[in-house]
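Residue strings, one per chain:
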Amino acid sequence: MSPLPLRLLAGGLLTGAAVLAAPAAPASADDIYDIDGRLEDAGLADAYVDTLEADPGRRVTIDFDPGETADRAAYEAQGKQGAELVWDHLATRVTVIDVQPTSGVPWLDGELPPALSYTRADLQAGFGPRPPGLDVDRDPYDDGSTSVTDVAVGAGLLGVLLLSGVVLVVVLVLRRRRRPAYPAWGAAPWGQPYGPQPGGPQQAGDGSPWGQQPGQQPGQQPALPPSFDPADPWKPPPPR
């Protein structure tokens, strides 16, 4: 096999292996849309999560309707629960989580309760370290389908390259086996030199029975025409 197909095959195999070996996001990783549903399922009415770029990571904002909370303690407990869910499931590097009410509460005569804010140190102290794979520099609005597609494409590419390599090897082997052995210059197709062979038939006109001229004895050279000049073989014959 020539060096170029080998290099292409090796490069493709390494690329496919690198794609397949890339770490995938954990099963609990949520994008910005999944986390909204998770918060609502936990009891945060009309929950809506947004993010802003921070240095480093992102500042996450949780908006929800606290109107059903009974008092300030219940409101803060619900806000803390929302922060914990974001900390444990949102696939992005979280720096700060802000919990903001979107409506007033009866225990403040319809006024908005104060917003709650949790720094990264507060989150680590209150909820422990984040699950591996969540603190990534990733846009939370990405639903994760891109990474899954990349892995699938990489696996398909690896399979195609492997199949192509096998087919290429088979073709080259078959071509080498079927290649005809062309005779060298001056040799007969069966490996014998051209011309009269000892003990074999002679060429026509060299004394063989089928090349013999009338009146010529076996083994006798044929007579040359009268116009033939040995000193000048290319001399044209005289006009008749």
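Cut-offs applied
- Residues numbered from 1 in each chain as written.
- Predicted model: local features only at pLDDT ≥ 70, side-chain atom pairs only at ≥ 80, totals over all residues.
- Heavy atoms only, no water.
- Helix = DSSP H or I, 4+ residues; strand = E, 2+ residues; numbered from the N terminus.
- Buried < 20%, exposed > 50% of the residue type's maximum accessible area, 1.4 Å probe, protein only.
- Contact = heavy atoms within 4.5 Å.
- Areas by Shrake-Rupley, 256 points an atom, 1.4 Å probe, with all protein chains shown as cover.
- Core = buried A, V, L, I, M, F, W, Y, C linked by side-chain atoms within 4.5 Å.
- Salt bridge = Lys/Arg side-chain N within 4 Å of Asp/Glu carboxyl O.

Draft legend 1. Geometry of the overall build of the protein. A count of helices and strands for the protein gives five helices and four strands. Going from N to C terminus, the protein has its helices and strands arranged as α-α-β-β-α-β-β-α-α. Counting the 240 residues in the protein, one finds 27% classified as buried. Long-range pairs, those at least 24 residues apart, make up 63% of the contacts in the protein with a sequence separation of at least 6. Carbon and sulfur atoms form 60% of the exposed surface of the protein, whose accessible area is close to 16,000 Å².

Draft legend 2. Structural view of the nonpolar core. The biggest cluster of nonpolar side chains holds 22 residues, and the ones touching the most others in it are L39, I62, V86, I97 and L123. Secondary structure elements with two or more residues in this core: α2 (32-41), β1 (45-53), β2 (58-65), α3 (72-89), β3 (94-101), β4 (116-119) and α4 (120-127). Here this core takes five residues from α3, the largest share from any one element. Not counting residues within four places of it along the chain, the set of residues in contact with I62 comprises L39, L44, Y48, V49, G82, A83, V86, I97, D98, V99 and Q100.

Draft legend 3. Highlighting the pattern of salt bridges. The tally for this structure, following the rule as stated, stands at six salt bridges. Between D137 and R93 there is a salt bridge, and its shortest N-O distance comes to 3.1 Å. Taken as a pair, D137 in the loop between α4 and α5 (145-178) and R93 in the loop between α3 and β3 lie far apart in primary sequence, 44 residues in all. Among the ionic pairs, R130 bridges to D135, the shortest N-O distance being 2.9 Å. According to the relative accessible area criterion, R130 is buried, its value standing at 10%. Judged by relative accessible area, D135 falls into the partly exposed class, the value being 23%. Through salt bridges with shared partners, a single network forms among R120, R130 and D135.

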